[in-house]
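Here are the chains, one letter per residue:
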Amino acid sequence: MFGRVARSLCLGLGFLAVFVVPVFGVEVRIKDLVDVEGARANQLVGMGLVVGLAGTGDKGDMAMRMLSNMALNFGVNVDPKAVKSKNVAVVSVTCELPPFVSPGQTLDVQVSALGDAKSLQGGMLLQTPLRAANGRVYAVAQGPLSIGGFSAGGQGAQTVRNFQTVARIPGGAIVEQGVDSTLGGGGALALLLRRPDFTTATRIAEAINRKYGGVARAVDAGRVEVSAPGGVGVTSFLASIEGLRVTPDALARVVVNERTGTVVMGGEVKLSTAAVSHGNLTVKVSERPEASQPNPLAGGRTQVLPRTDVSAQEGEGQVVLLPESSSVADLVKALNGVGASPRDLIPILQALDQAGALQGQLVIQ
């Protein structure tokens with residue numbers, strides 16, 4: 001269905017736009033709909049130094065001060081004003097600490113320039129502690145930077161691919177300590193829906209109860225409480241219910257992005273009886289300045305006189321009748337038939353919503 005609609009739009013209109021009709025009747029695993037309470041990630045951040053740059057480092061005083069402080073840690077007292085180098089850069093180092101990690105495991109880190117460094121290509125990050133919001137160090141990062149691009153050129157031209165001031169270090173951080181996860185205290189678990197919905201929460205509880213009996217109940221739209229049966233471990237119980245499949249529900253919603261002309265319509269969006277009129281008005285304004293030259297003996301000056309041509313052409317208007325309970329596909333086919341562009345579809349959808357004929361939520365980005 002979606003493929004036929006998309007092809008008809010591309011062939012009939014020739015505009016760059018995306019019409020997506022999601023299908024909400026498919027079954028999805030519970031693990032793709034929920035998060036387990038207590039199993040959460042934590043953000044880590046640190047500030048460090050990247051060295052070994054080919055003259056593309058910071059020019060400010062912050063890098064020189066950090067370099068001086070690092071030298072002091074190794075027993076060398078250097079005045080920051082005496083340090084002169086363009087091969088170092090101050091960077092921020094960030095990563096995410098997943099749940100259930102243990103000391104010794106590695107994490108990928110992202111490195112971003114904080115100062116006026118032009119490029120981090122070829123740099124090496126020195127040992128940088130990574131802290132959480134509580135100020136404790138949970139990982140330490142170090143290693144060579146990977147940019148995934150290049151920068152080359154001379155005085156007259158330059159070629160750059162990807163951002164040169166942002167890099168990654170795969171496996172560049174070593175976990176020093178994990179985070180205690182309070183999971184399944186007393187056998188009680190809570191499943192948190194990523195998209196809260198009363199119907200979906202109820203269906204998840206019913207799917208679990210069909211397999212294990214009355215061990216689950218939907219507390220609200222975003223929370224399902226589950227108790228592990230006797231004799232079954234929490235880990236085994238979670239693994240068994242993660243694979244259960246349910247059909248998620250969703251609001252009938254139309255999302256419009258006016259900047260890109262993208263319209264995404266949910267499959268549950270319906271239309272009441274409505275008539276849509278579509279017409280085209282083209283106004284063309286052209287400037288043709290003309291030079292007015294006096295006679296040779298008149299003693300005048302040559303003048304440039306403006307000449308403006310204005311023409312207006314209005315296309316034939318067309319009216320499309322949409323019967324009651326029309327679907328998104330019916331609307332798209334009707335608008336495609338009258339030659340409406342994706343840009344025309346946006347005000348049409350707004351007008352249908354204001355007229356009360358769009359049975360769904362209109363979201364404008």
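Residues numbered from 1 in each chain as written. Predicted model: local features only at pLDDT ≥ 70, side-chain atom pairs only at ≥ 80, totals over all residues. Heavy atoms only, no water.

Trainee: Account for the packing of aromatic side chains, naming residues and giving values.
Mentor: Inspection of every chain in the model, using the stated rule, returns 1 aromatic pair. On the basis of an interplanar angle of 70° and a centroid distance of 5.0 Å, the ring pair of Tyr212 and Phe237 is categorised as edge-to-face. Separated by 25 residues along the polypeptide, Tyr212 in helix H3 (residues 198–212) and Phe237 in helix H4 (residues 234–242) bring together distant segments of the chain. (Phe/Tyr/Trp six-rings, centres within 6.5 Å; stacked < 30°, edge-to-face > 60°. Helix = DSSP H or I, 4+ residues; strand = E, 2+ residues; numbered from the N terminus.)

Trainee: Account for unusual backbone geometry, with residues named and values stated.
Mentor: Of note in the backbone geometry, Phe100 takes a positive phi value of approximately 65° without being a glycine. Structurally, Phe100 is set in the loop between strand S5 (89–97) and strand S6 (106–113).

Trainee: Would you mind going over the pairing of strand S8 (residues 137–144) in detail, with residue names and values included?
Mentor: Judged from the 6 bridges that link them, strand S7 (residues 124–131) and S8 form a sheet pairing that is antiparallel. Considered in S8, the bridge of Pro129 is made with Val140. Following S7, the chain reverses through 5 residues before pairing antiparallel with S8; Gly135 in that reversal takes a positive phi of roughly 85°. With 3 bridges connecting them, S8 and strand S11 (residues 166–175) associate as antiparallel partners. When the bridges of S11 are listed, Ala141 appears paired with Ala173. (Pairing = 2+ DSSP bridges.)

Trainee: Residues and numbers for a nonpolar patch on the surface, please.
Mentor: Where nonpolar side chains cluster on the molecular surface, the patch consists of Met47, Met62 and Leu114 and spans about 290 Å² of accessible area. Mapped onto the secondary structure, Met47 falls in strand S4 (residues 42–51). (Patch = residues over 30% accessible without salt bridge, like charges linked within 9 Å, V, L, I, M, F, W, Y side chains within 5 Å. Areas by Shrake-Rupley, 256 points an atom, 1.4 Å probe, with all protein chains shown as cover. Salt bridge = Lys/Arg side-chain N within 4 Å of Asp/Glu carboxyl O.)

Trainee: Could you give me a rundown of the packing of H3 against H4, with the residues and numbers involved?
Mentor: At a minimum axis distance of 11 Å, the contact between H3 and H4 shows a crossing angle of 115°. Of the two elements, H3 crosses H4, and the hand of that crossing is right-handed. Only Phe237, Ser240 and Ile241 of H4 make contact with H3, whose side of the interface consists of Ile208, Lys211 and Tyr212. Along the lines of polarity and charge, the residues of the contact of H3 with H4 split into 4 nonpolar, 1 polar and 1 charged. (Axes fitted to C-alpha atoms, helices over the stretch in contact; angles between N-to-C directions. Left-handed = near helix turned anticlockwise from the far one by under 90°. Contact = heavy atoms within 4.5 Å. Nonpolar A, V, L, I, M, F, W, Y, C, P; charged D, E, K, R; others polar.)

Trainee: Give me the lowdown on the nonpolar core, citing residues and values where you can.
Mentor: Residues Val111, Leu125 and Leu130 are the most contacted members of the largest nonpolar core, which totals 26 residues. Elements with a minimum of two residues in this core: S4, S5, S6, S7, S8 and S11. Not counting residues up to four positions away in its chain, the partners in contact with Leu125 are Leu49, Val50, Val91, Val93, Val111, Ala141, Gln142, Gly143, Leu145 and Ile169. Counting 23 residues, the second largest nonpolar core, distinct from the first, contains Leu193, Ala205, Ile208 and Val226. (Core = buried A, V, L, I, M, F, W, Y, C linked by side-chain atoms within 4.5 Å. Buried < 20%, exposed > 50% of the residue type's maximum accessible area, 1.4 Å probe, protein only.)

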